[in-house]
Amino acid sequence: MAGIAPDSSISDPSRRGIRSSQLVDRTFKYWSIVPIIVLLTLLAVLPTIHLLRMSFSEVETSGSETIWTYVGLKHLRTFLSDPVVPVAFWNTLVFVVVVVIVEAFIGFFLAITVSRTQRLVGFYRTVFLFPLLIPPVAISTMWRLMYDYNYGFINQLLGLIDVAGPTWTADPALALMCVMVVDIWHWTSFVFLIILAGLESLPHELNEAARIDGASERQVYRYIILPLLRPTLITAVMLRTLFAFKVFDEVFVLTGGGPGTATELISVYAYDVFFTQFRLGYGAFLSLVTAVLMLLFVLVYRRVNQTR
Amino acid sequence: MNKKVGAILRHSFLWVWVLVLLVPVIFMFLTSLKLFRDIISGSILFSPTLRNYRELFLASHSDFRRLTLNSIITSVGTTLIGVTVASLAANSLTRFQWNKWVSGLIMGGVLFIYLLPPIIFIGPFYLLTRSLGVYDTPLAIIMGHTAFNLPLAVSMLYDFFADIPKELEEAAVVDGANRIQTFLRIVLPIARPGVAATAALVFIFSWREFMFALSMTSTPRGMTIPVGISAFVQEYNIRYGEMSAAAIFAMLPAVILFIFAQRNIVKGMTLGALKG
């Protein structure tokens, strides 16, 4: 019998192809999750471990060589006696508290107002979203033009009523306020978006039922909408606080931390230590402190939220 | 009568904020169309010119073409890697049964990385990219941008994929489709608006990112547009016209992508809030 042997199919290359592709398919669940684990390990977990090591070392680079010297808690001592650190922390605290309060206030009222408006809603939404999408560096450029002493929009306006404007970002008394204005311009929309989403998810029936029972508009807001909106409001404030801590772009481009230390914030100072002073170990320690503070903030927030 | 007054008050309040937001943009746009003498005179009447844009892109001393190319390579690279890896992971986590422990660890880790401040990545990546010999190239920036954006991409796609009804897949399996085919031909096409919005958002975030790109580059070989613009702003004798033209150009991709995927982009931007 010269018939085809039944086991010849095993050595048939096309059949083997099908088999291995079946194996690939059957294990799809597993191998498709591998890339993200590998990438996150290489690009996020390892750098974080590296940061810890840097924080306790003196690091120098020459060419592609890196020289590590373990120095223990030396950076902690430097940190405690560094005169810029308290200034940077104080400025950051002032910056975060002021911008978050102002943004929450304006964003809240914008959202309430838009939710009660029938016309132009799409237009308002689109315009309000705009600052969140454009590059922060472009926003800095814009405000560089607004604040310019000679040709800036603000001083030209003041010139119309014969007032000589100040130097704005170059004035130590005004510089921090100037960068706060930029941040408020940039981020108020974020609060607006979250609160508007919260308002739109509230059940309509409650509002109508209260009206039928004779509640005034003010009462509806005071006793129904505000209490229901409270979790959304808290979330918006928490997220903004977290993001405001990280602010870098606008401040770095507009003032670079100056004049003097008037706008020195933690992130700007850490960058300065890294790349102007080239103290890589101390810079790592500073950013580690920032990260730990932010994570503590998140933990406290979660605890507070759970106990309520 | 009272109602009408209320409506007028509401619209005027909203218009005040609209003006606050738009005046700086319009002022910068006009500046980008002005010759230097018109910028000095501050007059509203001037003859607009595209000279600043021409200088920016065509002048031989300008690096802006190189920076634009770098920005495109960085953003496209980050988007391709990020969305591919994230959609594979989101598909696996939503379509297959996973031990709660495993999926919790992955999504928890993703959230954790999302919360870390980007400043902590600068030092380690500076050393890493130097030792790999990729410092001052777009590749160095892509590595960081991928790490920053993967958490967002996975969380967004996870939500979009989880919304797809299981019955559709079961029908496909009955028709003889295997797992990979189901992913490519059923899940991805149905979730296309979500995938597009995720890609748009990752692109925008990479396009506009500044601090990391600044730290990983020192020459036009690797610099992106935001880094170039910051150099304009910090010059002693500012070239106002070219600086404005560069910033207006940098805004374009965000505006264009936003027009096409507004609804889902909004969903992505408030994602952190809804989860928090």
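### With respect to the overall build of chain A
Scanning chain A from N- to C-terminus turns up 15 helices and 2 strands. Relative to the compact-globule value of 19 Å for 308 residues, chain A shows a C-alpha radius of gyration of 28 Å, a clear excess of over 25%. Dimensions along the principal axes, computed over C-alpha positions, put chain A at roughly 110 × 70 × 45 Å. The buried share among the 308 residues of chain A stands at 47%.

### Comments concerning the interface of chain A and chain B
The interface of chain A with chain B comprises 90 residues on the first partner and 90 residues on the second. Approximately 8,400 Å² of surface area, both sides summed, lies buried where chain A meets chain B, with 80% of it carried by carbon and sulfur atoms. The largest share of the area that chain A buries against chain B comes from Leu133, Leu145 and Tyr151 of chain A, three residues that together contribute 9% of it. Taken together, chain A and chain B are joined by 1 salt bridge. A salt bridge links Arg179 of chain B to Asp25 of chain A, with the nearest nitrogen and oxygen atoms 3.5 Å apart. Inspection of the chain A/chain B interface yields 10 residue pairs in polar contact (both at pLDDT 80 or more). Considering each element in turn, the side of chain A that touches chain B owes the most residues, 12 residues, to helix H4 (residues 34-55) of chain A.

### A few points about a nonpolar patch on the surface
Residue and element names in this part refer to chain A. A contiguous nonpolar patch, built from Val24, Trp31, Val34, Val38, Leu42, Val45, Leu46 and Ile49 and spanning about 640 Å² of accessible area, is present on the exposed surface. If one sorts the elements of the nonpolar patch by residue count, H4 sits on top with 6 residues. Within the element layout of this structure, Val24 appears in helix H2 (residues 13-26). Classification of Val24 by relative accessible area gives partly exposed; the value is 38%.

### Section: the confidence of the model for chain B
Residue and element names in this part refer to chain B. Averaged over every residue, the pLDDT of chain B is 88; the share at 70 or more is 95%. The least confident element of chain B, judged by mean pLDDT, is helix H14 (residues 271-275) at 50; the most confident is helix H11 (residues 211-215) at 96. Predicted complex, confidence summary: ipTM 0.89, pTM 0.89.

### Quick word on the packing of aromatic side chains
For the coordinates displayed, the defined rule picks out 40 aromatic pairs over all chains. Relative to Phe252 of chain A, the ring of Phe248 of chain A lies with its centre 5.0 Å away and its plane at 15°, an arrangement referred to as stacked. When sorted by exposure, Phe248 of chain A lands in the same class as Phe252 of chain A, which is buried. Centroid distance Phe57 of chain B to Phe249 of chain B: 4.9 Å. Interplanar angle 75°. Geometry classified as edge-to-face. Remark: Phe249 of chain B occurs in helix H13 (residues 240-269) and Phe57 of chain B occurs in helix H3 (residues 51-58); sequence separation between them is 192 residues. Among the aromatic residues, ring-to-ring pairing joins Phe248, Phe252, Tyr271, Phe274, Phe275 and Phe278 of chain A together with Tyr126, Tyr135 and Phe210 of chain B into one connected group. In this structure, Arg130 of chain B packs its charged tip against the face of Tyr135 of chain B, placed 5.3 Å from the ring centre.

The rules we used
Residues numbered from 1 in each chain as written. Chains lettered and ligands numbered in written order. Predicted model: local features only at pLDDT ≥ 70, side-chain atom pairs only at ≥ 80, totals over all residues. Heavy atoms only, no water. Helix = DSSP H or I, 4+ residues; strand = E, 2+ residues; numbered from the N terminus. Rg over C-alpha atoms; globule rule 2.2 N^0.38 Å. Buried < 20%, exposed > 50% of the residue type's maximum accessible area, 1.4 Å probe, protein only. Contact = heavy atoms within 4.5 Å. Buried area = accessible area lost by both parts, 1.4 Å probe. Salt bridge = Lys/Arg side-chain N within 4 Å of Asp/Glu carboxyl O. Polar contact = N/O pair within 3.5 Å; in protein donor to acceptor, adjacent residues only side chain to side chain. Patch = residues over 30% accessible without salt bridge, like charges linked within 9 Å, V, L, I, M, F, W, Y side chains within 5 Å. Areas by Shrake-Rupley, 256 points an atom, 1.4 Å probe, with all protein chains shown as cover. pLDDT = per-residue confidence, 0-100. Phe/Tyr/Trp six-rings, centres within 6.5 Å; stacked < 30°, edge-to-face > 60°. Lys NZ or Arg CZ within 6 Å of the ring centre and 35° of its normal.

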